[in-house]
Amino acid sequence: MIDFKDVSTSNTQVVKFHESDRGKRLDVALVEGAKGLSRSQIQRLLRQGNIIVDGIVSTKSSTVIRGSEKVMIVIPPPVTTSVSAEDIPLEIVYEDSDLLVVDKPSGMVVHPASGHRTGTLVNAVLSHDPQMAGIGGEKRPGIVHRLDKDTSGVIVVAKNDHAHRFLQAQFKERTVEKSYLALVNGMPPSFNGRVETAIGRDKKFRKRMAIYHVKTSKTRFAVTRYSTVEKFNECTLLEIKPITGRTHQIRVHMSYLGCPIVGDLLYGNRKKVSDSFGLRRQFLHASSLKIAIPSGDVRVFNSPLPKDLENVLTQSRVV
């Protein structure tokens, strides 16, 4: 048994389960009850022995909750990252002692992964501020949310663990307001609309996500709102506001509506993609992010449409 009084509370969270939690998996219940921790982080903390249920270390994500447990989550100090700093220029939108807001260019991967070990946003950020190493995890220091490689626009990075948990909690609780601009082939079924589906990994093509009409343990609920900004002969400019933040969510939902994003090789019509005004990536741009920052202010960060996308709109208007 571990006495809660014997554990330092400087970097811990305590969660008390109730009758309404009965029957839930431990990792699922903790994602709902903890602050600023994702399911993958909870599962990692379980494997590391950093979650204590009623005084006993628990390591199994699948443990079923009775509904009366008291859980302590011990968050270990940051691990020094093995990711190297690289002197890559950054377009900084905003910076203070807690966070960095960057206008990410198309073509830049957010964090190192297989096939992209260097040249990432993380490599650039570590050069800009070496103190960020280890914040929020060894492999993804400071990363709060993601953008696809070929999606440009606003992305926020935490500079300390407090800021990381504070910002991540807002994404988890869906209080962040994200806006994207997307040019899609054809027109959506309505001028304004909302898409609600389950999304999961495609069973045949693992690099793709797919729509599932039945929610399972391997799919996640996804919600996207859109509104028409401008219509062209063969395409439509949309403002898109994802309520959830699933992998490839906007791209999958637009394809599901029958109007895939212009230039999207993975989810679009390849014949139409080849005629997309010479565009070398999907026309998807994170134009705005509204979020509370640790200082207490609610801020809106904006990114203007990049030149390559502006050129496509200019050409669309004269076709």
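Higher on the page you've got the structure.
Here we summarise the structure given alongside this text. What you are looking at is a predicted structure, and each value in this text was computed from that prediction instead of being measured.

### Thoughts on the packing of aromatic side chains
For the coordinates displayed, the defined rule picks out one aromatic pair. For the pair tyrosine 94 and phenylalanine 301, a centre-to-centre distance of 5.2 Å together with 40° between the ring planes defines the contact as tilted. Within this pair, whereas tyrosine 94 is found in strand 5 (residues 92–95), its partner phenylalanine 301 is found in strand 14 (residues 298–302), the two being separated by 207 residues in sequence. Here tyrosine 94 matches phenylalanine 301 in class, with each residue buried.

### Some details on the pairing of strand 8 (residues 177–185)
Counting buried residues in strand 8 gives seven out of nine residues, a clear majority hidden from the surface. In this structure, strand 8 lies alongside strand 13 (residues 284–292), joined through six bridges in antiparallel fashion. Looking at the pairing, alanine 182 lines up with leucine 284 of strand 13. Summarising the sheet, strand 8 and strand 12 (residues 235–242) pair through six bridges and their orientation is antiparallel. Residue pairing for strand 12: alanine 182 is matched across the bridge by leucine 238.

### As for helix 2 (residues 39–47)
Every buried residue of helix 2 is listed here: Gln41, Ile42, Leu45 and Leu46. Burial along helix 2 is one-sided: seen end-on, the buried residues are contained in an arc of 140°. If you follow the buried residues of helix 2, they end up packed against helix 1 (26–33), strand 2 (51–53), strand 4 (70–74) and helix 4 (161–173). Glycine 49 sits one or two residues past helix 2 and shows a positive phi near 80°.

### So, the sheet that holds strand 3 (residues 56–57)
The four strands are arranged 1-4-2-3 in an open sheet whose pairing can be described as antiparallel. Strand pairing shows two members of the sheet lacking a second neighbour, strand 1 (12–16) and strand 3, which therefore form its edges. Here two bridges tie strand 2 to strand 3, and the two strands are oriented antiparallel to one another. Within strand 3, the position partnered with valine 53 by the bridge is isoleucine 56.

Conventions and cut-offs
- Residues numbered from 1 in each chain as written.
- Predicted model: local features only at pLDDT ≥ 70, side-chain atom pairs only at ≥ 80, totals over all residues.
- Heavy atoms only, no water.
- Phe/Tyr/Trp six-rings, centres within 6.5 Å; stacked < 30°, edge-to-face > 60°.
- Helix = DSSP H or I, 4+ residues; strand = E, 2+ residues; numbered from the N terminus.
- Buried < 20%, exposed > 50% of the residue type's maximum accessible area, 1.4 Å probe, protein only.
- Pairing = 2+ DSSP bridges.
- Arc of directions from axis to C-beta.
- Contact = heavy atoms within 4.5 Å.

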